[in-house]
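Structure at a glance
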Amino acid sequence: VLQGSALLVDEVDLVLHPLKSELNWPLGDKHALDFAPTRWELPWWMLHALLLLQEEAKPESQRASWLASGRSSAGLSGRNSAPASKSVSSTSAEAERECLLRLKSACEQGIAGNYMQRVPHLALLSEEWYHATLKPLMGSWLLIWLRRTGLHDISDDAAIRCLAGGGVEGSMANSATLSDKQAKMLNLGHDWLTYLLPHVLRKISRVHFGLLSVPEMIAMQRDGALPRSRRYMAVPFVGKDTPTASSEFAHPDVAIGISILAYRYEGLRKPDFGALIQNLRHMLEAEIGPELKRPTSLLWMEWIEAAGRRVRGTKTLQRREAAKSGAAAEELSGTESPSRQRASGYEPETPRSAAVGIIRDPMPPPPP
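First, a word on what this report is: a plain description of the structure on this page. Throughout, a residue's number is its position along its own chain's written sequence, starting from 1. A pLDDT threshold of at least 70 governs which residues receive local features in this predicted model, and a stricter bar of 80 or more applies before side-chain atom pairs are shown or counted, although totals over entire chains, interfaces and linings include all residues. Side-chain numbers here rest on the full set of heavy atoms in the structure, without hydrogens or water.

1. Observations regarding the overall build of the protein
Helical segments are the DSSP runs of H or I of at least four residues, strand segments are the runs of E of at least two, and each set is numbered from the N terminus. Helices and strands together make up the secondary structure of the protein, namely 15 helices and 5 strands. Only protein chains enter the accessibility calculation, which uses a 1.4 Å probe. A residue is then buried if its area is under 20% of the maximum for its type, exposed if over 50%, and partly exposed in between. In the protein, which comprises 368 residues, the share counted as buried stands at 36%. In what follows, residue pairs with any heavy atoms lying within 4.5 Å of each other are defined as contacts. Pairs at least 24 apart in sequence give 66% of the contacts found in the protein among residues at least 6 apart. Approximately 22,100 Å² of the protein is accessible, and the part contributed by carbon and sulfur atoms is 56%. The Shrake-Rupley method, run with a 1.4 Å probe sphere, supplies the accessible areas, and residue values consider only the shown protein chains as cover.

Put into structure tokens, the structure is as follows:
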């Protein structure tokens, strides 16, 4: 078919430019991306630092609720991360705060020197300044996340050389000591620090990329041109608030980074929120144990607390946990406090639903 076909292309100098456009003919079945979920958790952590600094620069009344609640890094280490001791966690938190302060100072200098812009959001203007100033700091920020997710068989200096240099093979002579997962983590981090992050940060939301609105999705679905990738991922724009008719980002990691920024800037659409609640309910029903102690329920509580609310029924759970902790301490000391005596009496169960939880404040039901 390809040998007997002809392709007419207008503006060939622009279409064939390797840095401005790509021409792809996808063939065959779609397969899951390798190295999931690290493939998208890593860029989420890196972009979160810059989005956090952007929120802190806003007036207090305009800041996001997750920043005001003090849970700026909740859930960013991945649900499958290796557990850490209290001393390691406190050391990591201190390193995180110190790195964020240095990133904040560098971004302020970049904005003052016209290397970055603050409006409409934080964006990169000079790639040379990024490699000279911002890249080393982002490497230190990334190393914090890598340590939390299982990178232990390498020193900090060697890890930084891998991230800033040519990856594992180009920066380490003893790369055979690393596991396959650790090598992939370092190589992926190198790609993001060197190529992907500066490319993504140069894009402007709703000008170069964005999410399809609900009316646009309805119109495209009616015309039969709405694949799942365009439904859930960010798409290229040809102008302000003008998405392309059928184009998609060709590089999967670029599509992941652009989509993370799109959802963080624009938020969840109503159909996204409804699908999210349904997915949480399915996950909750597949888990076992007390409902309020299941992993999905705990995740839902974290989200609600980050929004400044509370899930109904958690006060009783907290009192019971406190009573158990007090009882364990009293057994060691041989005494019994009045709080334990009160805890042994009957306490009516607070009504709650069979779903993930109920928010104390009234909230409209999710859309179908």
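2. Brief notes about the nonpolar core
Counting 57 residues, the largest nonpolar core has Leu103, Met138, Trp141, Leu146 and Leu186 as the members making the most contacts within it. Sorting the residues of this core by element identifies helix 2 (38–56), helix 4 (86–112), helix 5 (127–148), helix 6 (156–164), helix 8 (180–201) and helix 11 (252–266) as the ones contributing at least two each. Here this core takes 11 residues from helix 5, the largest share from any one element. Among the nonpolar cores identified, the runner-up in size contains 9 residues, and Ile277, Leu292, Leu299 and Met301 belong to it. Think of a nonpolar core as a cluster: buried Ala, Val, Leu, Ile, Met, Phe, Trp, Tyr and Cys residues, connected wherever their side-chain atoms sit within 4.5 Å.

3. Considerations on the pattern of salt bridges
Salt bridges are counted wherever a side-chain nitrogen of Lys or Arg sits within 4 Å of a carboxyl oxygen of Asp or Glu. Taken as a whole and judged by the stated rule, the model has 11 salt bridges. In this structure, Asp156 and Arg147 form a salt bridge, with 2.5 Å as the shortest nitrogen-oxygen distance. For Arg147, a relative accessible area of 22% translates into the label partly exposed. Here Asp272 and Arg269 are joined by a salt bridge, their closest N and O atoms 2.7 Å apart. Like Arg269, Asp272 is buried. Connected through salt bridges with shared partners, the residues Arg206, Lys240, Asp241 and Glu266 form a single ionic network.

4. Some details on the packing of aromatic side chains
Two measures describe an aromatic ring pair: the distance that separates the ring centres and the angle between the ring planes. Any two of the Phe, Tyr and Trp rings considered here, Trp counted by its six-membered ring, make a pair once their centres fall within 6.5 Å; the pair's planes then place it as stacked at under 30 degrees, edge-to-face at over 60, or tilted in between. According to the stated counting rule, one finds 2 aromatic pairs in the structure shown. On the numbers, 4.3 Å between centres and 10° between planes, the contact of Trp45 with Trp141 is stacked. With Trp45 in helix 2 and Trp141 in helix 5, this residue pair connects regions lying 96 residues apart in the sequence. Plain terms: the ring middles of Tyr115 and Trp129 are 5.8 Å apart, the flat faces sit at 5° to each other, and that makes the pair stacked. Of the two residues, Tyr115 is situated in the loop between helix 4 and strand 1 (116–117) and Trp129 in helix 5; the sequence distance between them amounts to 14 residues.

5. Considering the packing of helix 8 against helix 11
A fitted line through C-alpha atoms represents every axis, and for helices the fit uses only the stretch in contact; the resulting angles, taken between N-to-C directions, go from 0 to 180 degrees. As a packed pair, helix 8 and helix 11 sit with axes 10 Å apart at the nearest point and diverge in direction by 60°. Overall, the two elements helix 8 and helix 11 adopt an arrangement that is oblique. The hand of the helix 8/helix 11 crossing is right-handed. The residues of helix 11 that touch helix 8, namely those facing Leu188, Trp192, Leu196, His199 and Val200, are Asp253, Val254, Gly257, Ile258 and Leu261. Orientation is classified from the angle alone, with under 35 degrees giving roughly parallel, over 145 giving roughly antiparallel, 65 to 115 giving roughly perpendicular, and any other angle giving oblique. Should the near helix be turned counterclockwise from the far one by less than a right angle, the crossing is left-handed, whereas a clockwise turn marks it as right-handed.

6. Remarks on helix 13 (residues 295–306)
Counted at 1.5 Å a residue, the expected span for helix 13 with its 12 residues is 16 Å, and the 17 Å between its end C-alpha atoms agrees. When we look at burial in helix 13, the residues that qualify are Thr296, Ser297, Leu299, Trp300, Met301, Ile304 and Ala306. Immediately downstream of helix 13, the backbone of Gly308 shows phi near 85°, a positive value. To estimate how far a helix should extend, the number of its residues minus one is multiplied by 1.5 Å.

7. Focus: empty space enclosed by the protein
The way it works is a 1 Å grid over only the protein atoms, where trapped points that fit a 1.4 Å probe form a cavity and open points with protein on both sides within 12 Å along at least five of seven lines form a pocket, and then any residue with an atom within 4 Å of a point lines it. Grid points are joined across faces, edges and corners, and a volume is the space filled by probe spheres set on the points. Inspection of the entire model under this criterion finds 1 cavity of 30 Å³ or more. Computed from the structure, the largest cavity encloses a volume of approximately 50 Å³. Forming the walls of the largest cavity are Leu50, Leu51, Gln54, Met116, Leu122, Ala123, Leu201, Leu261 and Tyr265. At the level of elements, helix 2 and helix 11 are the ones that each hand at least two residues to the lining of the largest cavity. No other element matches helix 2, which puts 3 residues into the lining of the largest cavity. Any residue that is not Ala, Val, Leu, Ile, Met, Phe, Trp, Tyr, Cys, Pro, Asp, Glu, Lys or Arg is counted as polar, Gly included; the first ten are nonpolar and the last four charged. Counted by class, the lining of the largest cavity contains 8 nonpolar, 1 polar and no charged residues.

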